[in-house]
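Structural features, examined
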Amino acid sequence: MKKAKWTLGRIIDFEYCLRQDMTISDDNYLKKRDTEIYINQILPSGLTSPSEIFLIWLESIRKTANENPVRINDTHRNFSPGNMYEECLGLLRVIFLIAGFMAGISVCLAFFSYTGHQPLNVSWFLAITLFPQLCLIMVLSGFFLASRSGFMQQKRFVPYPFLGFVIKQSLMMLSRKSLEKISSEKIDAVEATLAIINEGKQVYGLLFFWPLFIIMQLFGIAFNAGILLSTISRILFFDTAFGWQSTLQMSADMVYKVVSMVAIPWRWILPAGTGFPDIDQIIGSRIVLKDGIYHLATNDLVSWWPFMCLTIVFYGLLPRIIMFLSGLVCLEKSLEQQKFDHRECSRLLRRMVMYDAVPDSGKQLPHAPSIEKLSHAPELSHTPEQTPIISDTTAVSDIQAANTHKKPSDTSGHEAADPYKQSSAISDFKDASSSLLGHIPPPIKITPCIALVPEDIYEAMDKEFFMELMKTRHLYDVRKTVVVGIDFEKELEYVQTEYATAVNVKKTKEKPDGFGYDNWSVVMLQEAWQPPIRETLNFIKSLRKVLDKKTRIIVALTGRHVETYKEHAKTEYTETNSTDLNYNTKHGSTSFFTPVDTSDWEIWKTKLSTIADPWLVMEKVIQ
Amino acid sequence: MDKHVIMEKIPEFAIIGHPNEGKSSVVSTLAEDDTVKISPMPGETVVCQILPVLIDGQEIIRFTDTPGFQNPRETLAWMKNYSGPDELLLKTFIDTHCNNPDFKDECELLTPVARGAGIIFVVDGSRPVRQTDRIEMEILRMTGRPRMSIVNCKGNEPVHLNQWQNEFRKHFNSIRQFNAHKATWSERIDLLESLKGVDQDWQPAIAMVIEKFKEDWKHRNRLAAAMTTEMLEHILTFTMTENIGESETFNDAKIRLQKQFIKKIEAMERLTHEKIRKLFKHNIFDCTLPSNSLLHEDLFSEKTWQFLGLSPGEVAIAAGMVGGATGVVIDVIAAGITFGVFSAIGGILGAGSALLSGRRIADITFKGVKLGKDQVKMGPVCNLQLMYILLDRMMIFHGSIINWAHSRREIDESVADDITANLKKGFSSGWNDKTKKVCSRFFQSVCTKSRFKYKKQQIREEMEQVLFSVLEKQV
Ligand SMILES: Nc1nc2c(ncn2[C@@H]2O[C@H](COP(=O)(O)OP(=O)(O)OP(=O)(O)O)[C@@H](O)[C@H]2O)c(=O)[nH]1
Ligand SMILES: [Mg+2]
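All of these numbers come straight from a predicted model, not from anything done at the bench.

Brief notes about the interface of chain A and chain B
- With 22 residues of chain A in contact, the opposing surface of chain B contributes 26 residues.
- Both sides together, the interface formed by chain A and chain B hides about 2,100 Å², and carbon and sulfur atoms give 50% of it.
- Per-residue buried area on chain A facing chain B is highest for A:Ile533, A:Arg534 and A:Glu535; these three make up 28% of the total on that side.
- Between A:Glu535 and B:Arg73 there is a salt bridge whose closest N-O contact spans 2.7 Å.
- Taken together, the links from chain A to chain B amount to twelve residue pairs in polar contact (both at pLDDT 80 or more).
- Among the elements that make up the side of chain A that touches chain B, the one with the highest residue count is helix α26 (residues 563-572) of chain A (four residues).
- Looking at the side of chain A that touches chain B, its residues break down into eight nonpolar, six polar and eight charged.

So, the coordination of the magnesium ion (ligand 2)
- Taken together, B:Ser24 (OG) and B:Thr45 (OG1) make up the protein donors of the magnesium ion (ligand 2), found 1.9 to 2.0 Å from the metal. In this pair, B:Ser24 is assigned in helix α2 (residues 23-30) and B:Thr45 in the loop between α2 and β2 (49-55), connecting sequence segments 21 residues apart.

Here we look at the pairing of strand β6 (residues 174-177) of chain B
All names here are of chain B.
- Bridging between strand β5 (residues 147-151) and β6 involves four bridges; their strand directions are parallel. Bridge assignment links methionine 148 to a residue of β6, and that residue is serine 174.
- You can see the chain leave β5, run along helix α7 (residues 161-171) and come back into β6, and the turn it takes is right-handed.

As for the pattern of salt bridges
All names here are of chain B.
- Tallying each qualifying case throughout the model produces 29 salt bridges over all chains.
- Glutamate 167 is the salt-bridge partner of arginine 134, the closest N and O atoms lying 3.0 Å from each other. Here the residue arginine 134 occupies a position in helix α6 (residues 131-143), and glutamate 167 occupies one in helix α7, the gap between them amounting to 33 residues.
- A residue is classified by how much of its surface remains accessible, and glutamate 167, at 11% relative accessible area, is buried.

Observations concerning the sheet that holds strand β3 (residues 58-65) of chain B
Residues and elements named next belong to chain B.
- Here we have six strands laid out as an open sheet, ordered β2-β3-β1-β4-β5-β6, and mixed in their pairing. Looking at which strands have only one partner, the edges of the open sheet turn out to be β2 and β6. For this sheet, the mean angle separating the axes of adjacent strands, direction not counted, is 25°.
- α2 contacts β1 (12-17), β2, β3, β4 (118-123) and β5 of the sheet and is inclined by roughly 170° relative to β3.

Considerations on the nonpolar core
- The biggest cluster of nonpolar side chains holds 79 residues, and the ones touching the most others in it are A:Phe14, A:Phe54, A:Trp57 and A:Met352.
- Here this core spans two domains, since at least three of its residues come from each of domain 1 (8-79) and domain 2 (85-158 + 205-335) of chain A.
- If we skip the residues at most four places from it in the chain, A:Met352 touches A:Asp34, A:Thr35, A:Tyr38, A:Ile42, A:Ile53, A:Phe54 and A:Trp57.
- In this structure, B:Val53, B:Ile60, B:Ile206 and B:Phe468 belong to the second largest nonpolar core, which totals 78 residues.

Here we look at the site of ligand 1
Residue and element names in this part refer to chain B.
- Neighbouring residues of ligand 1: 22 residues in total, closest Lys23, Ser24, Gly43, Thr45 and Asn179.
- The contact in question runs from an oxygen atom of ligand 1 to an N or O atom on the backbone of asparagine 20, over 3.1 Å.
- Here ligand 1 occupies the second largest pocket.
- Here the residues of the shell around ligand 1 are counted per class, giving seven nonpolar, eleven polar and four charged.

Concerning the side chain of B:His282
Residue and element names in this part refer to chain B.
- Position of histidine 282 relative to the elements: it lies in the loop between α10 (250-279) and α11 (302-307).
- The exposure class assigned to histidine 282 is buried, which follows from its relative accessible area of 1%.
- A polar side-chain atom of histidine 282 sits 3.3 Å from the main-chain carbonyl oxygen of isoleucine 401.
- Beyond its immediate chain neighbours, meaning those up to four positions away, histidine 282 contacts Asp34, Arg277, Ile401, Trp404, Ala405 and His406.

Comments concerning helix α8 (residues 185-196) of chain B
- Here α8(B) is twelve residues long and its end C-alpha atoms lie 17 Å apart, about the 16 Å a rise of 1.5 Å per residue gives.
- Looking only at α8(B), the buried set comprises B:Trp185, B:Arg188, B:Ile189, B:Leu191, B:Leu192, B:Ser194 and B:Leu195.

Regarding the confidence of the model for chain A
Residues and elements named next belong to chain A.
- Across chain A, pLDDT averages 70, with 64% of residues at or above 70.
- Per-element confidence in chain A ranges from a low mean pLDDT of 29 for helix α21 (residues 432-435) to a high of 91 for strand β7 (residues 521-527).
- In the model, residues 355-440 has pLDDT below 50 throughout and makes 111 contacts with residues more than four positions away in sequence or in other chains.
- Within the model, pLDDT remains below 50 along residues 510-517, and this stretch shows 23 contacts once partners closer than five positions in the same chain are excluded.

Notes on the pairing of strand β9 (residues 616-620) of chain A
Residue and element names in this part refer to chain A.
- Counting buried residues in β9 gives five out of five residues, a clear majority hidden from the surface.
- Side chains Leu616, Met618 and Lys620 of β9 all project onto a buried face; the interleaved residues Val617 and Glu619 project onto the opposite face, where all are buried too.
- Bridge count between strand β8 (residues 553-558) and β9: five bridges; the pairing is parallel. Bridging from a neighbouring strand, isoleucine 554 pairs with valine 617 of β9.

Considerations on the environment of B:Arg147
All names here are of chain B.
- Inspection of the secondary structure puts arginine 147 in strand β5.
- Residue class for arginine 147 comes out buried when judged on its relative accessible area of 11%.
- Dropping the residues within four chain positions of it, arginine 147 is found in contact with Ile119, Leu140, Arg141, His171, Phe172, Asn173, Ser174 and Val198.
- There is a polar contact of 2.6 Å between the side chain of arginine 147 and the backbone oxygen of arginine 145.
- Separated by 2.9 Å, the side chain of arginine 147 and the backbone oxygen of histidine 171 make a polar contact.

Quick look at the packing of α8(B) against helix α9 (residues 203-236) of chain B
Residue and element names in this part refer to chain B.
- Between α8 and α9, the least distance of the axes is 8 Å, while the angle of their chain directions is 165°. Considered as vectors, α8 and α9 are oriented roughly antiparallel to each other. Crossing angle aside, the handedness with which α8 passes α9 is left-handed. Counting all contacts with α8, which are made through Trp185, Arg188, Ile189, Leu192, Glu193, Leu195 and Lys196, the residues of α9 involved are Gln203, Ile206, Ala207, Val209, Ile210, Phe213, Lys214 and Trp217.
- Broken down by class, the residue content of the contact of α8 with α9 amounts to ten nonpolar, one polar and four charged.

Side note on empty space enclosed by the protein
- Tallied over the entire structure, the rule returns eight cavities of 30 Å³ or more.
- Counted as a void, the largest cavity has a volume near 280 Å³.
- Lining the largest cavity are 21 residues, and of these A:Phe488, A:Gln526, A:Thr536, B:Arg73 and B:Thr132 lie nearest its centre.
- The set of elements that each furnish at least two residues to the lining of the largest cavity consists of α22 (455-458), β7 and α25 (534-546) of chain A together with α6 of chain B.
- Its residues assigned to classes, the lining of the largest cavity shows nine nonpolar, seven polar and five charged.

Things to note about the sheet that holds β7(A)
Residue and element names in this part refer to chain A.
- On the basis of which strands lie adjacent, the open sheet formed by five strands has the order β6-β5-β7-β8-β9 and parallel pairing. The open sheet has two edge strands, β6 (476-484) and β9, and neither has a second partner. Neighbour-to-neighbour, the strand axes of this sheet turn through a mean angle of 25°, independent of strand direction.
- In this sheet, β7 lies alongside strand β5 (residues 447-454) in parallel orientation, the contact comprising four bridges. What sits directly across from isoleucine 450, in β7, is valine 522.
- The sheet strands contacting helix α23 (residues 463-472) are β5, β6 and β7, and the helix crosses β6 at an angle near 135°.
- α25 contacts β5, β6, β7, β8 and β9 of the sheet and is inclined by roughly 170° relative to β7.

Section: the packing of helix α15 (residues 384-402) of chain B against helix α17 (residues 433-447) of chain B
Residue and element names in this part refer to chain B.
- Between α15 and α17, the shortest axis-to-axis distance is 11 Å and the interhelical angle comes to 125°. Judged by the inter-axis angle, α15 sits oblique to α17. For α15 against α17, the interelement crossing comes out right-handed. Between α15, through Leu384, Met387, Tyr388 and Leu391, and α17, the contact on the second element is made entirely by Lys436, Cys439, Ser440, Phe442 and Phe443.
- For the contact of α15 with α17, a count of residues per class yields seven nonpolar, one polar and one charged.

The rules we used
Residue numbers here run from 1 along each chain, matching the order of that chain's written sequence. Both sets of labels track the order of writing: A upward for chains, 1 upward for ligands. Residue-level local features of this predicted model are given only where pLDDT is at least 70; pairs of side-chain atoms are given and counted only at 80 or more, and the full residue set underlies all totals for whole chains, interfaces and linings. Side-chain calculation: all heavy atoms of the structure are included, whereas hydrogens and water are not. The contact definition used throughout considers only heavy atoms, calling two residues in contact when any of these lie within 4.5 Å. Two parts placed together each lose some accessible area; with a 1.4 Å probe, that loss summed over both constitutes the buried area. By definition, a salt bridge exists where a carboxyl oxygen of Asp or Glu is found within 4 Å of a side-chain nitrogen of Lys or Arg. The definition of a polar contact used here is a pair of N or O atoms within 3.5 Å, where within protein one atom must be able to donate a hydrogen and the other to accept one, and adjacent residues in sequence count solely through side-chain atom pairs. Counting from the N terminus, the helices are the DSSP runs of H or I reaching at least four residues and the strands are the DSSP runs of E reaching at least two. Residues are sorted three ways: Asp, Glu, Lys and Arg are charged, Ala, Val, Leu, Ile, Met, Phe, Trp, Tyr, Cys and Pro are nonpolar, and all the rest, Gly among them, are polar. Coordination shells were defined by N, O and S atoms within 2.8 Å of each metal, extended to 3.2 Å for Na, K and Ca; water is absent from the atom set, which can make sites look incomplete. Here, strands pair whenever DSSP counts at least two bridges between them. A clockwise course of the path from the first strand over the helix to the second, judged with the strands pointing away from the viewer, identifies a crossover as right-handed. Exposed residues in this analysis have more than 50% of their type's maximum accessible area, buried residues have under 20%, and partly exposed residues fall in between, with area computed by a 1.4 Å probe over protein chains only. Fitted lines through C-alpha atoms give the axes, limited to the stretch in contact for helices. The angle between two N-to-C directions lies from 0 to 180 degrees. Among the buried residues, those of types Ala, Val, Leu, Ile, Met, Phe, Trp, Tyr and Cys that are joined through side-chain atoms within 4.5 Å form a nonpolar core. Domain delimitation follows an automatic or database domain assignment. Nearness here has a simple test: a residue counts as near a molecule or strand if at least one of its heavy atoms is within 4 Å of that partner. Method remark: on a 1 Å grid restricted to protein atoms, a set of points is classed as a cavity if a 1.4 Å probe fits but cannot get out and as a pocket if it is open with protein on both sides within 12 Å along at least five of seven lines; lining residues have an atom within 4 Å of a point. Any molecule with more than half of its atoms within 2 Å of a cavity's or pocket's grid points is counted as sitting in it. One less than the residue count of a helix, multiplied by 1.5 Å, gives the span that helix is expected to have. A residue's pLDDT is the predictor's confidence in that residue, given on a scale from 0 to 100. Working definition: roughly parallel below 35 degrees, roughly antiparallel above 145 degrees, roughly perpendicular at 65 to 115 degrees, and oblique for all remaining angles. Each crossing gets its handedness from the near helix: less than a right angle anticlockwise from the far helix is left-handed, clockwise is right-handed. Grid points are joined across faces, edges and corners, and a volume is the space filled by probe spheres set on the points.

In structure tokens form, the structure reads like this:
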């Protein structure tokens, strides 16, 4: 099996699938599906990096979609906008190649036919063919540098919005042509693709810029090839004389100096006389209009053409080829460097592996520490019905079924467990409590985090339980709690220093493994019923500024605090409903946390989406 | 003198609070304006909206809906650092921040306060107090404007009322509970009463406003009573005549006419209800109630007849009071049949009374062309029972209209339940003898051809008066 690799098309497909998943509200369905993929395909492969895992996931999703094209939530799953995008790029490449070539030829032809029977004026020829190109390259690299150094937004990069437009149009055309029946969904998919390309800049950087860059270089290469070809054929098939003429008072000496300077790149193989005209030939080929051309020696007149061709090769063609190749390399590198750690990715990853926090699965995983260690956490055993880690028993049993179905023999169980060994080696946090979940497979591990807790609820909530929840349910190890809500600026400063020291400690003591998943994150606890006001959003934005660009910020939402209901219950139903009362007291006072209202969740989602931060995640403290 | 106070300075109150606490709802209810935008999405209101209360085309008080606080912490921090003269605090704040998008909402919501509006601070009593709320209260305190607070309970119970009240005591001149979605007219008046206590200067003006409010309410009820009386007159005396078609039997024509007749009566009733709805300034709320509600059912359906109106015995008594003209009713009671007999107007029509008459105009043929036509006439349905049904329905309609807060936009189950309960009760059966007597006299006067126009008019006025006092009592 050849090793699959990420391509632009795959990335678009991947993002497209993630987007589709976002529209599915049935969490259990997604969880079951992804866990199955994980158990059946990813675990046996032994791959651990997110990039590899997601690739397998994508293949699997696409395969099932192709086998039984079902409509999920009114979207067609067996449709690949990525393929369409690649097709479209291929088409554009051909079109631009041809267009460049034609343009090159027609520029030359125009020039040749204009000059007619006179000897061709070399300086004019170069001015027309080469000079604009050189200028263009200069301007573009200027733009490029400016955009790289942040002086200018990348999207202003002149020719590329235009190219983007061309891509959009051709995508539309392609999609219309290929399938008219489900055109509206296709159009949606095209829109989604464009959105992925547009919005992906934050996550994918220049990734989607490179194909455009490459296409431009193809055009340049073809253009210069066209010029070269038509020039050479002119020389071959017509008796062509070249000369020079200047309205400036330029001596032949001067011209020679310039010419030999231009010829520096090839002077060492093709010296004066062959690679470029020598001083005598230059004198001999000077066109002085009033004298006519009859006094000029044919030999001298012909001596120019190698120089011309080589100039085009070295100043037109070669730079373009170099840029083209470097474009290819950059694209490759950019693909390789993708970390796949933005919000939807981490959500997917969690969906795939979170089953593992289920106590029962301990039996299945021989190398995992037994679940008895959970008794570290008294709250968990007190209130098992609240422990979110067993929230999804159905999915788990299905998975178990799937797993046994696939690997009925006992021994294979050990094979399957191998990655776990590996994982516990990678994710080894030294403190005892984290070993609790040491069997969580890579690349997910318990990551350290700083928790920001509003002072309003800090006193009221059960901190231990919160930390336990974060660790078992969300795999965040709360190493530091900062109470916020009194003076944002000071608190931000504090978070900044705390974060800086934490990250530094990490960088020096623990070896970085490049996954991006073991970075520190910041968990911000919020009450969902409090509408997110601008102040909250601004706080998150400033928080982002004091952290790294890709540090995950988790907004952990909890529902309405029920403690007062408990008091109510006490007075009203003292005798009648003691079990209820117990329930209330326990949950009201010990946990503080309650499930989030769906409408509140939607409100937060809408408001937070205005920040457009791919590393900003929303979680429910309790499901 | 008092009039001048109002003319010169109309009291203005800005309704201020955290987003999504129900500010727009409170304003909508207070100003009886159901065009105010209300939405579960916080940040719905982005600009101030002034809602003047007009009585007789004259503005007597204005409520201003404002956006919610979006940036309270920084706002308070700025105000605490402010060192200029107190009276310029708000103006300076607004001038400094008007172009800063972060303070857009604060500038907007403080603008009415800066121009002298009183403050009504709205909070949701079903949620706990948070730091942000304290900050907002502090901001309002620093404005130095007269202010009161309203606990508008969005949840079912004001669970955190005590906590809120403790907080409020530090900052507000007056505290009131006011449920925007459930507030009745009298609760609105109560709220206005407590506005008096917010600022001495406004006391006379607000007293005046309350006076006007009460007058206006009376006026509306008087109009509603008149409309109802008119409707009764129209319906009870309504007749319809139709030609019998060429190829139609008398019976077919009868059935056709019956349908049209019923439709017409229904339309007349609906028109009156519509007028009453407009009278109480409802544009959105309509008694197009869920189908399980009886009010929505056909006026002449079996159920309606069963549930509305008087009990058989009461009909007899009412009939006795009228004396005579009770043929149908007595018939029924004598037969010992329940209301089922009246299950449809067809029942009455079929009873063979004078309601229906076929008249054969002499068949004159002129040169082979028929000139005459058979006609069928229906009505008037001079039926005491029907009158009481219409009255009951009107009472139910009126009752739900006046109790429907203008901020309440969606009709839920509870409304339908209320109405069904009311229907079972039957309003008119609870009326006192005097009222019933007037009704019967009115019925008689409408249904008999009397030559004394003057007397008719007098009875009609009596009826209006009686209905008015009945409506006034409705809560
Ligand atoms: N049940 C109930 N819901 C209410 C009540 N008052 C307001 N609501 C609901 O609360 C939500 C917000 O009400 P609004 O009146 O729009 O709140 P607001 O304060 O104007 O909100 P913004 O304009 O966003 O600042 C709406 O969905 C209302 O239906 C109430 O008394 N009872
Ligand atoms: Mg509003």
